[in-house]
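Summary of structural features
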Amino acid sequence: METNSKRHTDREYEAELAQVRERLIVMAGRVEEMILNAVQALGARDATLARSTIELDHKVNRAEMETDELCLRILARRQPMASDLRFLTLSLKMVTDLERIGDLAVNICERAIDLQAESRLEGFDTLSRMANVAQTMVRDAIDAFVRRDADLAQQVIDRDDEVDELYHVYFRDVLAVMVVGAANVERGIHIQSVAKWLERIGDHATNLAELVIFMVKGKDVRHLGKLDP
Amino acid sequence: MNTPAANGRFEVTDLDAWFSKKQVLKHVELALPARRITAIIGPSGCGKSTFIRCLNRMHELVPEARLAGRVLLDGADIYAPGVDPVLLRRRVGMVFQKPNPFPTMSIRDNVLAGLRLTGAYDRGRADSVVETALRGAALWDEVKDRLDEPGVGLSGGQQQRLCIARTLAVEPEVVLMDEPCSALDPIATARIEDLMSELKARYTLVIVTHNMQQAARVSDRTAFFLDGELIEVAETNSLFTSPQDRRTEDYITGKFG
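Residues numbered from 1 in each chain as written. Chains lettered and ligands numbered in written order. Predicted model: local features only at pLDDT ≥ 70, side-chain atom pairs only at ≥ 80, totals over all residues. Heavy atoms only, no water.

Brief notes about the interface of chain A and chain B
As a reminder, the rule being used: What makes two residues a contact is simply this: any of their non-hydrogen atoms within 4.5 Å. Here the buried area means the combined drop in accessible surface, using a 1.4 Å probe, for two parts upon being joined, counting both sides. Should a side-chain nitrogen of Lys or Arg be within 4 Å of a carboxyl oxygen of Asp or Glu, the pair is scored as a salt bridge.
Every contact between the two is made by 18 residues of chain A and, on the other side, 16 residues of chain B. Both faces considered, chain A and chain B share a buried interface measuring about 1,300 Å² in area, 47% of it formed by carbon and sulfur atoms. Applying the counting rule to chain A against chain B returns 1 salt bridge. Across the pair Lys6 of chain A and Asp250 of chain B runs a salt bridge whose closest N-O atoms are separated by 3.1 Å.

Have a look at this one:
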């Protein structure tokens, strides 16, 4: 890996690690596209876009399995150490987070299909803003991974509060609409779920960023201040 | 920490060593805690074997070899005038790369050889010394019925454990192991590694190994040497996951040469 400009003496090993890295980047790019499409499909009530985005998830699932297999093979055959070991164990976790983000985007697409006949959606702007923040978090987490940039990863972690805050505001706004009339309740519940999934995507992006910090610094920043003394 | 309960603690200060004009150790500062396993790793020629040979005064046996600095064992300088190297080597035993039982001796006599050489042989205690040492080296059950057969008739792994028994028979405080498994198959290696974790309760162990996975498996602490310098020493758990020095990182991830 690129902890420094030096390469592994064993070039095949070097190529295997590069392959894991490339697969993660491709997978992350696909997942990012899924988030963007899902929210766009919802906003435009575009069932066709929603369905094609659900199709993309199969590729993400396949990428998860293939990357897992590749990492296990490298662990078994190379017994990696130090930054290589951190990189590979991180990759194994990263694919899981990415795959789950893909699943959440699929959930949103399914809602887009359910809601295609609705003429309007309450506060879609807020939802759209949440989606933008969540998607940017995923993109920055991956950029931080590619550039080994712990500062950028920390910014992703900090931005999770913004998504959480938007979620709470949105939750209350939609609740207020539901209180006004029973006819709004089903639509309201659907759309609240979408907000919840976007908030979960933010959490997964935070996980990714924490893993990047571990890879770069060798320091575990998960659950800081939240563990038993 | 020089309490009687923790004998076998080394403290090495500013150690330099030479073969003729070539300096092979440079200003090494390293403490080896009692009753723990310290692994010494590093590429060929980095000085790791020389380092442990300075711990039992074997370095000076090589013509034109010399050293400077201080090596304290439980607070006492092992190079102080009046220290008998032979007696020191009873306290600080060594196991070598190739199993080297004495070819003409029986298993039993091999175990007793160290005691005979250092004049500590006691005929009355011989049987119990042999049994204790062979049990300590996890070999007793395999050889108890053929103690009078030649030591060289054993398998490679058994011969290495016989050499460990020979080392333990003189009741050392420290056991130095220089690539003890490099001539052994994986099963024999696993036996020695398993034995090491048992021996740790009673002895300070220092193992030189080329096999990083072995260092990671068996040791509590690991020291990385490069070009005669100690680059980094740390708890094994952290050295192999998050080394602090770039050179350690490069070596253990295979980015050398």
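Next comes the rest of the description.
Thoughts on the side chain of Thr236 of chain B
All names here are of chain B. The line we're drawing: Under the scheme used here, helices are H or I runs from DSSP no shorter than 4 residues and strands are E runs no shorter than 2 residues, and both carry numbers assigned from the N terminus. Counted as a polar contact is a pair of N or O atoms within 3.5 Å, where, for protein atoms, one must be capable of donating a hydrogen and the other of accepting one, and residues adjacent in sequence contribute only when both atoms are in side chains.
Mapped onto the elements, Thr236 comes out in helix α9 (residues 236–239). Within the local environment of Thr236, its side chain forms a polar contact with the backbone nitrogen of Arg221, the two atoms lying 3.2 Å apart. Engagement of the side chain of Thr236 in a polar contact is seen with the side chain of Thr222, the distance being 2.9 Å. Setting aside its immediate chain neighbours within four residues, Thr236 contacts Ala215, Ala216, Ser219, Asp220, Arg221 and Thr222.

Side note on empty space enclosed by the protein
Any empty space left between atoms is shown by rolling a water-sized probe over those atoms. Residues and elements named next belong to chain B. To be explicit about the condition: Cavities and pockets are found on a 1 Å grid laid over the protein atoms alone: a cavity is a set of points where a 1.4 Å probe fits but cannot escape, a pocket is an open set with protein on both sides within 12 Å along at least five of seven lines, and a lining residue has an atom within 4 Å of such a point. Grid points are joined across faces, edges and corners, and a volume is the space filled by probe spheres set on the points. Following the grouping adopted for this structure description, the nonpolar residues are Ala, Val, Leu, Ile, Met, Phe, Trp, Tyr, Cys and Pro, the charged ones are Asp, Glu, Lys and Arg, and the polar ones are all others, Gly among them.
Under the defined criterion, the tally for this structure stands at 1 cavity of 30 Å³ or more. Within this model, the largest cavity holds a volume of roughly 30 Å³. Taken together, Leu112, Leu115, Ala120, Tyr121, Asp122, Arg125, Ala126 and Val129 make up the lining of the largest cavity. Secondary-structure elements contributing two or more residues to the lining of the largest cavity are α3 (107–117) and α4 (126–136). Here the lining of the largest cavity is composed, by residue class, of 6 nonpolar, no polar and 2 charged.

Quick word on the pairing of strand β9 (residues 221–226) of chain B
Residues and elements named next belong to chain B. The condition is simple: Only protein chains enter the calculation, and the probe is 1.4 Å; a residue is then buried if its accessible area is under 20% of its type maximum, exposed if over 50%, and partly exposed in between. When DSSP locates at least two bridges between a pair of strands, those strands are taken to pair.
Buried residues dominate β9, accounting for 6 of its 6 residues. Neither face of β9 is open: one carries Arg221, Ala223 and Phe225, the other Thr222, Phe224 and Leu226, and all of them are buried. Alignment of strand β3 (residues 37–41) against β9, held across 4 bridges, turns out to be parallel. Following the sheet pairing, Ile40 is matched in β9 by Ala223. Hairpin geometry of β9 and strand β10 (residues 229–235) is characterised by an intervening segment of 2 residues between the two adjacent antiparallel strands and by a positive phi of about 50° at Asp227.

Side note on the pattern of salt bridges
Residues and elements named next belong to chain A. One pass over the full model with this rule turns up 27 salt bridges over all chains. Lys196 is paired through a salt bridge with Glu199; the nearest N and O atoms lie 3.0 Å apart. Of this pair, Lys196 and Glu199 both sit in helix α6 (residues 185–217), 3 residues apart, which is roughly one turn of that helix. Via salt bridges that share partners, Asp10, Glu12, Glu16 and Arg78 belong to a single interconnected network.

Regarding the state of the cysteines
We apply this condition: Working definition: a disulfide is two cysteine sulfur atoms within 2.5 Å of each other.
Taken as a whole and assessed by the stated rule, the structure comprises 0 disulfides over all chains. Its sulfur unpaired, Cys54 of chain B is 13 Å from the next cysteine sulfur, which belongs to Cys46 of chain B.

A short note on a nonpolar patch on the surface
All names here are of chain A. To be explicit about the condition: Patches here are clusters of residues that have more than 30% relative accessible area and form no salt bridge, with a 9 Å joining cutoff for like charges and a 5 Å cutoff for nonpolar side chains (Val, Leu, Ile, Met, Phe, Trp, Tyr). Only the protein chains shown count as cover for residues, and the accessible areas themselves come from Shrake-Rupley with a 1.4 Å probe.
A contiguous nonpolar surface patch, about 270 Å² in accessible area, is contributed by Phe171, Leu175 and Val179. Within the secondary structure layout, Leu175 lies in helix α5 (residues 150–180). Leu175 sits in the partly exposed class, given a relative accessible area of 37%.

Observations regarding the packing of aromatic side chains
What counts is decided by this rule: A pair of aromatic rings is counted whenever rings of Phe, Tyr or Trp (Trp by its six-membered ring) have centres within 6.5 Å, and the orientation is called stacked for planes under 30 degrees apart, edge-to-face for over 60 and tilted otherwise.
For the coordinates displayed, the defined rule picks out 4 aromatic pairs over all chains. Centre to centre, the rings of Phe87 of chain A and Phe145 of chain A are 6.0 Å apart; their planes meet at 10°, and the pair counts as stacked. With Phe87 of chain A in helix α3 (residues 82–114) and Phe145 of chain A in helix α4 (residues 124–147), this pair connects stretches of sequence that are 58 residues apart. For Phe87 of chain A, a relative accessible area of 0% translates into the label buried. Judged by its relative accessible area of 2%, Phe145 of chain A falls in the buried class. Consider the rings of Phe224 of chain B and Tyr251 of chain B, whose centres lie 5.0 Å apart with planes at 20°: the pair is stacked. One end of the pair, Phe224 of chain B, is in strand β9; the other, Tyr251 of chain B, is in helix α10 (residues 246–252), with 27 residues separating them in the sequence. A residue is classified by how much of its surface remains accessible, and Phe224 of chain B, at 0% relative accessible area, is buried.

Looking at the confidence of the model for chain B
What counts here: As a per-residue quantity, pLDDT reports the predictor's confidence and falls between 0 and 100.
The predicted model of chain B averages 93 in pLDDT, with 97% of residues at 70 or higher. Quick note on the complex model: pTM equals 0.82, ipTM equals 0.74.

What to know about the sheet that holds β9 of chain B
Residues and elements named next belong to chain B. Definition in use: A fitted line through C-alpha atoms serves as each axis, taken over the contacting stretch for helices, and the angle formed by two N-to-C directions is quoted from 0 to 180°.
The strand order across the open sheet built from 6 strands is β6-β7-β8-β3-β9-β10, with neighbouring strands paired in mixed fashion. Looking at which strands have only one partner, the edges of the open sheet turn out to be β6 (92–95) and β10. Across this sheet, the average inter-strand angle for adjacent strands is 20°, counted without regard to direction. Taken strand by strand, helix α7 (residues 186–199) contacts β3, β7 (174–178) and β8 (204–208), and its axis lies near 150° from that of β8.

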